[in-house]
Amino acid sequence: VGTVEAYLGKFPQETAAPFDIVLADPPYAAGLELALLESTPWDQVLSVDGVFCLEWSPLKAGLDELPENPPFLVKVREKNYGDSVLTTYRRADSV
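Keep in mind the model is a prediction, meaning the values are calculated, not measured.

**A few points about the pattern of salt bridges**
Stage number 1. Applying the stated criterion to the full structure yields 3 salt bridges.
Stage number 2. Here lysine 75 and glutamate 68 are joined by a salt bridge, their closest N and O atoms 3.4 Å apart.
Stage number 3. A relative accessible area of 44% means that glutamate 68 is categorised as partly exposed.
Stage number 4. The salt bridge involving glutamate 78 is made with lysine 75; its shortest N-O contact spans 3.5 Å.
Stage number 5. Looking at glutamate 78, the relative accessible area reads 39%, which means it is partly exposed.
Stage number 6. Here the salt bridges do not stand alone but share partners, grouping Glu68, Lys75 and Glu78 into one network.

Next up, the structure:
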């Protein structure tokens, strides 16, 4: 538990990676969605069949959509819940 930045600073030497599932619910107005997707070494963080679920808000993030294929990931599902969206990615080499 903690900030993503603090966690990634310790990665991989102080973690139990790779993980089967990673959940992220950053503050909607902080604009962390693209940074999480593009700066995280998902090929090291996720197991081969691992998934990353990101909750976000298009209104507060100022984004219409998240990328289909950020580095090492592919979008497999997206579900709207009111003003929030839950986007699920898998490792690209597992699809």
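On we go.
**Some details on the nonpolar core**
Stage number 1. Of all hydrophobic cores here, the largest spans 16 residues; its most connected members are Leu37, Trp42, Phe52, Leu54, Trp56, Leu66 and Leu73.
Stage number 2. Residue assignment for this core shows that the elements contributing at least two residues are strand 1 (19-24), helix 2 (33-39), helix 3 (42-45), strand 2 (46-56) and strand 4 (84-91).
Stage number 3. When residues of this core are assigned to their parent elements, the largest contribution, 4 residues, is made by strand 2.

**Brief notes about the environment of proline 18**
Stage number 1. In this fold, proline 18 is placed in the loop between helix 1 (4-10) and strand 1.
Stage number 2. Among the residues examined, proline 18 registers a relative accessible area of 49% and is labelled partly exposed.
Stage number 3. In sequence terms proline 18 and glutamine 44 are 26 residues apart; their C-alpha atoms lie 6.1 Å from each other.
Stage number 4. The residues contacting proline 18, other than those within four sequence positions of it, are Gln44, Val45, Leu46 and Ser47.

**Considerations on the packing of aromatic side chains**
Stage number 1. Evaluated as defined, the whole model comprises 2 aromatic pairs.
Stage number 2. A ring pair is formed by tryptophan 42 and phenylalanine 52, whose centres lie 4.2 Å apart and whose planes are at 35°; its orientation type is tilted. Of this pair, tryptophan 42 sits in helix 3 while phenylalanine 52 sits in strand 2, placing them 10 residues apart in sequence.
Stage number 3. Its relative accessible area of 1% is what places phenylalanine 52 among the buried residues.

**Points about the pairing of strand 3 (residues 73-81)**
Stage number 1. Bridge count for strand 3 against strand 4 is 8 bridges, and the pairing is antiparallel. When the sheet's bridge partners are listed, arginine 77 is paired in strand 4 with threonine 88.
Stage number 2. The antiparallel pairing of strand 3 with strand 4 creates a hairpin that spans 2 residues between the two strands, and glycine 82 there sits at a positive phi of about 65°.

About the thresholds
- As a convention, each chain's residues are numbered from 1 in the sequence order in which they are written.
- For a predicted model such as this one, the threshold for reporting local features is a pLDDT of at least 70, and the threshold for listing and counting side-chain atom pairs is 80 or more; totals across whole chains, interfaces and linings nevertheless cover every residue.
- The basis for every side-chain value is the complete set of heavy atoms in the structure, and neither hydrogens nor water enter the calculation.
- By convention in these notes, a salt bridge is any Lys or Arg side-chain nitrogen within 4 Å of a carboxyl oxygen on Asp or Glu.
- Residue exposure (1.4 Å probe, protein chains only): buried if accessible area is under 20% of the type maximum, exposed if over 50%, otherwise partly exposed.
- Definition of nonpolar core: a set of buried residues of the types Ala, Val, Leu, Ile, Met, Phe, Trp, Tyr and Cys, connected through side-chain atoms within 4.5 Å.
- Segments assigned H or I by DSSP are reported as helices when at least four residues long, segments assigned E as strands when at least two residues long, and all are numbered from the N terminus.
- The contact criterion used throughout is that any non-hydrogen atoms of two residues lie within 4.5 Å.
- Centres within 6.5 Å are what make two rings of Phe, Tyr or Trp a pair, Trp counting through its six-membered ring; a difference in plane orientation under 30 degrees is then read as stacked, over 60 as edge-to-face, and the rest as tilted.
- Between any two strands, at least two bridges found by DSSP are needed for them to pair.

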